[in-house]
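# Breakdown of the fold
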Amino acid sequence: MPIRVVIAEDEAIIRLDLKETLEEEGYEVVGETGRGDEAVRLVRELEPDLAILDIKMPVMDGLSAAREIAGERRAAVLILTAFSQRDLIEQARDAGALAYLVKPFQKSDLIPAIEMALGRYAELASLERDVGNLAERLEERKTIDRAKGVLMDQHGKTEQEAWRFLQQQAMHNRVKVHDVARRVVDGEVTP
């Protein structure tokens, strides 16, 4: 499946050239605009893999658009601009851009920048999933520990007996241990 791209560049000739270059390389340009606010809308509607944004655009600049797109984790963001000042590069980085390319650009510069942005975005998405899974597991572990505490304090069980009770209830009811633990903490299940 081709990589889907939204282009936001206020200079029509550059936008057209960029679109042609991307399509020649097998990317699918699903949306184009010359305004930052429109780029945000297109990204929300079309759900592309990548948003290529110019910094200087009317209504909403590319940095503000990047901040919204990256903040919502909608797509990888590549800033493509004529400006190479260090402060703009830092602002782009802080806005969530994963790559920065200065015009005029060559195809030999564009494709690696795109692949870098997409690769970094995939890594970030994977890390966020991992963090979410770890947070969920930590909450489950806390619930199990609370349930063991309830069983020990209110029902005189040892820690090992409390754990065994949770396991047996889970097996008997064909549910996960943390589900039984939640019910113990809520007072719905007792030995």
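Structure report, in brief. None of these values were measured; they are calculated from a predicted model.

### Comments concerning the overall build of the protein chain
A tally of regular secondary structure across the protein chain gives seven helices and five strands. In terms of overall dimensions, the protein chain is more spread out than a globule: its C-alpha atoms have a radius of gyration of 25 Å, far above the 16 Å expected for 191 residues. The dimensions of the protein chain, computed from C-alpha atoms along their principal axes, are 75 × 35 × 25 Å. The buried share among the 191 residues of the protein chain stands at 38%. Looking at the protein chain alone, contacts between residues at least 24 apart form 58% of all its contacts between residues at least 6 apart. With the model as given, the accessible surface of the protein chain reaches about 10,900 Å², and the carbon-plus-sulfur share is 48%.

### Regarding the side chain of Lys148
Checked against the element boundaries, Lys148 lands in helix α5 (residues 107-155). According to the relative accessible area criterion, Lys148 is buried, its value standing at 8%.

### A few points about the side chain of Lys103
Of note, Lys103 is situated in the loop between β5 (99-102) and α5. By relative accessible area, Lys103 is classed as buried at 13%. With residues near it in sequence (within four places) discarded, Lys103 still touches Glu9, Glu11, Ile14, Asp54, Leu80, Thr81 and Ala82.

### Topic: a negative patch on the surface
A cluster of acidic residues, Asp17, Glu20, Glu23 and Glu28, forms a negative patch at the surface. It is helix α1 (residues 12-24) that contributes the most residues to the negative patch, three residues altogether. Position of Asp17 among the secondary structure elements: in helix α1.

### So, the pairing of strand β4 (residues 76-81)
Within β4, six of the six residues are buried, which leaves the element mostly enclosed by the surrounding structure. Neither face of β4 is left uncovered, since the one carrying Ala76, Leu78 and Leu80 and the one carrying Val77, Ile79 and Thr81 both have all their residues buried. With four bridges joining them, strand β3 (residues 50-53) and β4 adopt parallel strand pairing. For Leu53, the partnering residue across the bridge sits in β4 and is Ile79.

### Observations concerning the packing of aromatic side chains
Scanning all chains against the criterion turns up zero aromatic pairs. Against the face of Trp163 rests Arg141, its NZ or CZ located 5.9 Å from the ring centre.

### Describing the pattern of salt bridges
Going through the model one piece at a time under the given rule, you end up with 19 salt bridges. The salt bridge involving Asp54 is made with Lys103; its shortest N-O contact spans 3.5 Å. One end of the pair, Asp54, is in the loop between β3 and α3 (62-71); the other, Lys103, is in the loop between β5 and α5, and 49 residues separate them in sequence. For the pair shown, Asp54 and Lys103 are each scored as buried. Here Glu139 makes a salt bridge to Lys142, at a shortest N to O gap of 3.6 Å. Here Lys142 and Glu139 lie together in helix α5, a separation of three residues that amounts to about one turn.

### Some words on unusual backbone geometry
Here the amide bond leading from Lys103 into Pro104 is cis, since omega sits at -5°, within 30 degrees of zero. The backbone of Glu47 shows a phi angle near 50°, a positive value even though the residue is not glycine. By secondary structure assignment, the location of Glu47 is in the loop between α2 (36-46) and β3. Although it is not a glycine, Arg73 sits at a positive phi angle of roughly 55°. Here Arg73 is to be found in the loop between α3 and β4. The class of Arg73 is partly exposed, set by a relative accessible area of 46%.

### What about the pairing of strand β2 (residues 28-33)?
In this structure, strand β1 (residues 4-8) lies alongside β2, joined through five bridges in parallel fashion. The residue of β2 that forms the bridge with Val5 is Val29.

### Here's the deal with the sheet that holds β3
Each strand in a sheet pairs with another by means of backbone hydrogen bonds, the pair being arranged parallel or else antiparallel. One open sheet accounts for five strands, arranged β2-β1-β3-β4-β5; its pairing is parallel. One side of each edge strand has no neighbouring strand; the edge strands of this open sheet are β2 and β5. Across the sheet, the axes of successive neighbouring strands diverge by a mean angle of 20°, strand direction being ignored. Packed onto the sheet, α2 meets β1, β2 and β3 and runs at close to 145° relative to β2.

What counts, and at which threshold
Residues numbered from 1 in each chain as written. Predicted model: local features only at pLDDT ≥ 70, side-chain atom pairs only at ≥ 80, totals over all residues. Heavy atoms only, no water. Helix = DSSP H or I, 4+ residues; strand = E, 2+ residues; numbered from the N terminus. Rg over C-alpha atoms; globule rule 2.2 N^0.38 Å. Buried < 20%, exposed > 50% of the residue type's maximum accessible area, 1.4 Å probe, protein only. Contact = heavy atoms within 4.5 Å. Areas by Shrake-Rupley, 256 points an atom, 1.4 Å probe, with all protein chains shown as cover. Patch = residues over 30% accessible without salt bridge, like charges linked within 9 Å, V, L, I, M, F, W, Y side chains within 5 Å. Salt bridge = Lys/Arg side-chain N within 4 Å of Asp/Glu carboxyl O. Lys, Arg positive; Asp, Glu negative; His and termini not counted. Charge placed at Lys NZ, Arg CZ, Asp CG, Glu CD. Pairing = 2+ DSSP bridges. Phe/Tyr/Trp six-rings, centres within 6.5 Å; stacked < 30°, edge-to-face > 60°. Lys NZ or Arg CZ within 6 Å of the ring centre and 35° of its normal. Axes fitted to C-alpha atoms, helices over the stretch in contact; angles between N-to-C directions.

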